[in-house]
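A look at the structure
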Amino acid sequence: MKKLYIETFGCQMNVKDSDHLIAELADEYEITDNKKDADLLIINTCSVREKPVAKMFSEIGVLKKHKKEGAKIGVCGCTASHMGKEIIKKAPIVDFVLGARNVSRIKEALSTPKAVITDIDYDDTTYIFKEFRTNPYKDFVNIMIGCDKKCSFCIVPKTRGKEISIPMDVILKQIQQLVDDGVKEITLLGQNVNNYGKRFSVEHEKVNFTKLLQEVSKIDGLERIRFTSPHPLHADDEFIEEFATNPKICKYIHFPLQSGSTKLLKKMKRGYSKEWFLDRIEKLRAIPDITISTDIIVGFPGESEEDFADTIDVVEKSQFEQMFSFVYSPRPHTEAAEYSDQVDKEVAKTRLHKLQALQREILEKQAKNQIGKTYKVLVERYENGKIFGKSDNFYSIEANGDESLLGKIVDVKIKESRHSTLIGEL
């Protein structure tokens, strides 16, 4: 059998897309982690920021150096979508380019010399992908493709196309099959999961994300439900109530802020204000042991010291358990890249350092507060007398235990906090 090497950059949706690529090629290729052995080498790319794009071209150079004679190189994902044939122009060693919306067409790309398949209107929401996963106890499940938002900084609508929800019966059938195969936890994936049901490409009953959560939770044997990412604009009271009260839904939520300034949020076209975001946070914080992560852009065009102070204020009030923060990166095909009031990079870096210093202080306090708490942990890995897994609220937890606990949910009492891991005992 031929061998496939694949590298994945970016978000969980890219990780799931890579799983789909592997599964679709499984009748011809088996996975290898050695570039030199591979007959096919794929880079599944991200284009949310500039750095992953530069990394892609660097990695193409590495693959060119190490690939064996006759091996093919393919570029997939979001950068493939927005750059298309430019990738092959800049790197002629590349054999095909396959966009993020066209994963199900991988065999077509492979069989077509110098194929460039980047149709962002392509609809595979009813396509049933073959299954591949690396973790026997949990998996990702796509519930929608594309994005209808027009955030002025974001390239995703240009790489993943318009938003289409996957029919609910397709989702439920896939999850049932995973549970029958031993999966305990699923993560529902989409660019804006809580906007699920807005548009289908087939006739479908009226349904929203809350209804989908309720139906998924009825599946016997499924113990945990996660989802990412919800949009703060669509976090209505009905959704928050379901999140709070459904015992199968894990009490962790990724809630992207982007900026604490209402002025900048309007300029970003996010659709909500600082006040709305803080009101939603207040409702979420009423849920016992909830953890909240977020994304923040520093140095967005026009950001003043007052705007940045608003972001600091929201972070102080929200007390996020995790924060992904970056200096604004202009992306092609986006409105914000054309704004004339770009912020000086050094000013932006200084603000980022200040924001991240504040977040470190918050995390230090939170770490101390975990000592003595007991969490339910899905045991995913065993190594040298220790078990490893995630708590319901997404803490990484380690404890002494044996291999028989794999795939089980166990109670662990926290004794110590070490960097990003909590250490406990059964």
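Heads up: the structure comes first, above all this text.
Reference entry: report on the structure contained in this document. Keep in mind the model is a prediction, meaning the values are calculated, not measured.

**Structural notes on the sheet that holds strand 17 (residues 396-400)**
Strand order around the closed barrel formed by five strands is 15-16-17-19-18, with mixed pairing between neighbours. Averaged over all adjacent pairs, the angle separating strand axes in this sheet is 50 degrees, with direction ignored. Relative to strand 19 (residues 421-425), strand 18 (residues 409-418) runs antiparallel, the two being bridged by five bridges. Its bridge partner being in strand 19, Glu416 is matched across the sheet by Ile423.

**Considerations on the sheet that holds strand 7 (residues 138-142)**
The three strands lie next to each other as 7-10-11, forming an open sheet whose pairing is parallel. Sheet topology places strand 7 and strand 11 (224-228) at the edges, where each strand pairs with a single neighbour. On average, adjacent strands in this sheet sit at an angle of 25 degrees to one another, irrespective of strand direction. Where strand 10 (residues 185-189) and strand 11 come together, five bridges link them in parallel fashion.

**Structural notes on the nonpolar core**
Residues Ile175, Ile186, Leu188, Phe209 and Phe227 are the most contacted members of the largest nonpolar core, which totals 64 residues. With seven residues, the top contributor of residues to this core is helix 7 (residues 168-180). With near-sequence residues (within four places) excluded, Phe227 lies in contact with Thr187, Leu188, Val193, Phe209, Leu213, Phe239, Phe243, Ile249 and Ile253. In terms of nonpolar packing, the next biggest core, distinct from the first, is built from 20 residues, Tyr5, Leu41, Ile43 and Leu63 among them.

Thresholds applied
- Residues numbered from 1 in each chain as written.
- Predicted model: local features only at pLDDT ≥ 70, side-chain atom pairs only at ≥ 80, totals over all residues.
- Heavy atoms only, no water.
- Pairing = 2+ DSSP bridges.
- Helix = DSSP H or I, 4+ residues; strand = E, 2+ residues; numbered from the N terminus.
- Axes fitted to C-alpha atoms, helices over the stretch in contact; angles between N-to-C directions.
- Core = buried A, V, L, I, M, F, W, Y, C linked by side-chain atoms within 4.5 Å.
- Buried < 20%, exposed > 50% of the residue type's maximum accessible area, 1.4 Å probe, protein only.
- Contact = heavy atoms within 4.5 Å.

Don't take any of this as a statement about function, it's just geometry.
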